[in-house]
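# Understanding the architecture of this molecule
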Amino acid sequence: IETGGGGGNEAALIEHTISGAYENSTASTVGYGAFYNCSAFTSIDLPAATTIGSSAFYSCYSLANVSLPAATSIGSYAFTYCSALTTVSLPQATTIWSYAFQSCTALTSINLPAATSIGNFAFMNCSSALTTVSLPQATSIGDYAFQYCYSLTTVSLPQATSIGYGAFNGCYSLTSIYLPAATSIGTNAFYYCSALPSVSLPAATRIGTYAFYGCYSLASVSLPAATSIGNYAFYNCSALTSIDLPQ
């Protein structure tokens with residue numbers, strides 16, 4: 001843990017026996033693996049922390065409450081396997097790195113109003129309770145970012161231009177997507193999103209291979225700007241009756 005008044009590379013190794021709530025009002029940085037596998041941890045409150053390092057809270061599987069109001073960067077694997085974590089509110093965070101919340105299976109909501117970049121696998125396998133994703137400033141959604149979020153029904157990404165490979169792969173409860181700015185839909189992006197009834201992508205020029213493969217409920221597709229549609233992009237979309245393509 002590094003504080004604003006520290007002299008540089010100070011760090012504290014937190015023993016695995018730490019339990020209950022942890023609060024530190026001056027810490028500005030939480031370093032690599034700082035609380036790794038502190039399995040009895042239930043809550044953290046770090047009001048001054050701006051940077052959360054890689055694996056900082058990895059496998060803190062009793063951690064249910066997190067308060068990080070000033071954090072701008074969440075490192076890779078920072079909360080991976082925090083399986084009791086139910087909500088994430090990071091009002092200042094702009095960057096969520098790869099695997100940051102992977103397998104947080106109890107997660108019901110995420111509030112990331114300032115996030116511009118969601119890394120690869122960032123929320124993969126948040127499978128049980130996450131129903132809505134709304135990221136008003138995000139421009140880039142990484143590969144497999146929300147793969148296997150089985151309960152996800154609604155996605156709103158008004159600024160996103162790039163949807164990575166497999167970003168919503170296997171999200172079989174997904175019924176609504178809002179992607180008005182997306183220009184590129186990656187390979188397998190919505191693979192087996194079998195409840196999705198319609199797709200409107202007014203700005204999309206590229207639809208990747210297998211992008212909507214196995215979307216059995218998909219009845220209508222609007223792609224007025226598309227210049228490239230990959231192999232098997234709509235394979236097994238057996239309900240498809242309407243498709244709007246450039247003239």
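What you see is a predicted model, and the numbers here were worked out from it, not measured in a lab. (Residues numbered from 1 in each chain as written. Predicted model: local features only at pLDDT ≥ 70, side-chain atom pairs only at ≥ 80, totals over all residues. Heavy atoms only, no water.)

Right, let's talk about the overall build of the protein chain for a bit. A count of helical and extended segments in the protein chain gives zero helices and 22 strands. A compact globule built from 247 residues would reach a C-alpha radius of gyration of about 18 Å, and the protein chain, at 19 Å, matches this within 12%. Counting only C-alpha atoms, the protein chain reaches 65 × 30 × 25 Å along its principal axes. Expressed as a percentage of the 247 residues in the protein chain, the buried residues total 46%. Considering only intrachain contacts with a sequence separation of at least 6, the fraction spanning at least 24 residues in the protein chain is 10%. For the protein chain, the accessible surface area stands at approximately 9,900 Å², while carbon and sulfur atoms represent 50% of it. (Helix = DSSP H or I, 4+ residues; strand = E, 2+ residues; numbered from the N terminus. Rg over C-alpha atoms; globule rule 2.2 N^0.38 Å. Buried < 20%, exposed > 50% of the residue type's maximum accessible area, 1.4 Å probe, protein only. Contact = heavy atoms within 4.5 Å. Areas by Shrake-Rupley, 256 points an atom, 1.4 Å probe, with all protein chains shown as cover.)

Turning next to the sheet that holds strand β12 (residues 132-134). Spatial ordering of the open sheet is given by β12-β14-β16, a layout of three strands whose pairing is parallel. The open sheet has two edge strands with one neighbour each: β12 and β16 (176-178). Each adjacent strand pair in this sheet contributes to an overall mean axis angle of 5°, direction not counted. As defined by bridge partners, β12 adjoins strand β14 (residues 154-156) across three bridges and the pair is classed as parallel. Note that in β14 the partner of threonine 132 across the bridge is threonine 154. (Pairing = 2+ DSSP bridges. Axes fitted to C-alpha atoms, helices over the stretch in contact; angles between N-to-C directions.)

When you line up the elements, isoleucine 243 lands in strand β22 (residues 242-244). For isoleucine 243, a relative accessible area of 43% gives the class partly exposed. With 22 residues separating them along the chain, isoleucine 243 and valine 221 place their C-alpha atoms 4.6 Å apart.

Where the model shows low pLDDT, its predicted coordinates should not be examined in detail. Summing up the model confidence of the protein chain, the mean pLDDT is 91 and the portion of residues at 70 or higher is 92%. Note that pLDDT drops below 50 for residues 3-17; the model gives that stretch 19 contacts with residues more than four away or on any other chain. (pLDDT = per-residue confidence, 0-100.)

Under the counting rule described, the total for this entry stands at 27 aromatic pairs. Judged by centre distance (5.1 Å) and plane angle (5°), the rings of phenylalanine 101 and phenylalanine 123 are stacked. Linking phenylalanine 101 in the loop between β9 (95-96) and β10 (109-111) with phenylalanine 123 in the loop between β11 (117-118) and β12, this pair joins segments that are 22 residues apart in sequence. By relative accessible area, which is 0% here, phenylalanine 123 ends up buried. On the basis of an interplanar angle of 10° and a centroid distance of 5.0 Å, the ring pair of tyrosine 213 and tyrosine 235 is categorised as stacked. You can see tyrosine 213 sitting in the loop between β19 (206-207) and β20 (220-222) and its partner tyrosine 235 sitting in the loop between β21 (228-229) and β22, a full 22 residues away along the chain. (Phe/Tyr/Trp six-rings, centres within 6.5 Å; stacked < 30°, edge-to-face > 60°.)

What follows concerns unusual backbone geometry. Excluding glycine, most residues fall at negative phi; most peptide bonds, likewise, are trans. For serine 55, which is not glycine, the phi torsion reads 60° and is therefore positive. Positionally, serine 55 belongs in the loop between β5 (51-52) and β6 (65-67). Serine 55 sits in the buried class, given a relative accessible area of 8%. Even without being a glycine, tyrosine 144 presents a positive backbone phi close to 60°. Note that tyrosine 144 resides in the loop between β13 (140-141) and β14. Classification of tyrosine 144 as partly exposed rests on a relative accessible area of 23%.

Another aspect to go through is the sheet that holds β20. The parallel open sheet is built from three strands, whose spatial order is β18-β20-β22. The open sheet terminates on both sides in strands that have one partner only, identified here as β18 (198-200) and β22. Sheet twist, expressed as the average angle between the axes of neighbouring strands with direction ignored, equals 5°. The sheet contact formed by β20 and β22 spans three bridges and is parallel.

Moving on to the side chain of asparagine 169. Within the element layout of this structure, asparagine 169 appears in the loop between β15 (162-163) and β16. Look at asparagine 169 and you get buried, because its relative accessible area is 10%. In contact with asparagine 169, not counting residues within four places along its chain, are Gln147, Tyr148, Asn188, Ala189 and Tyr191.

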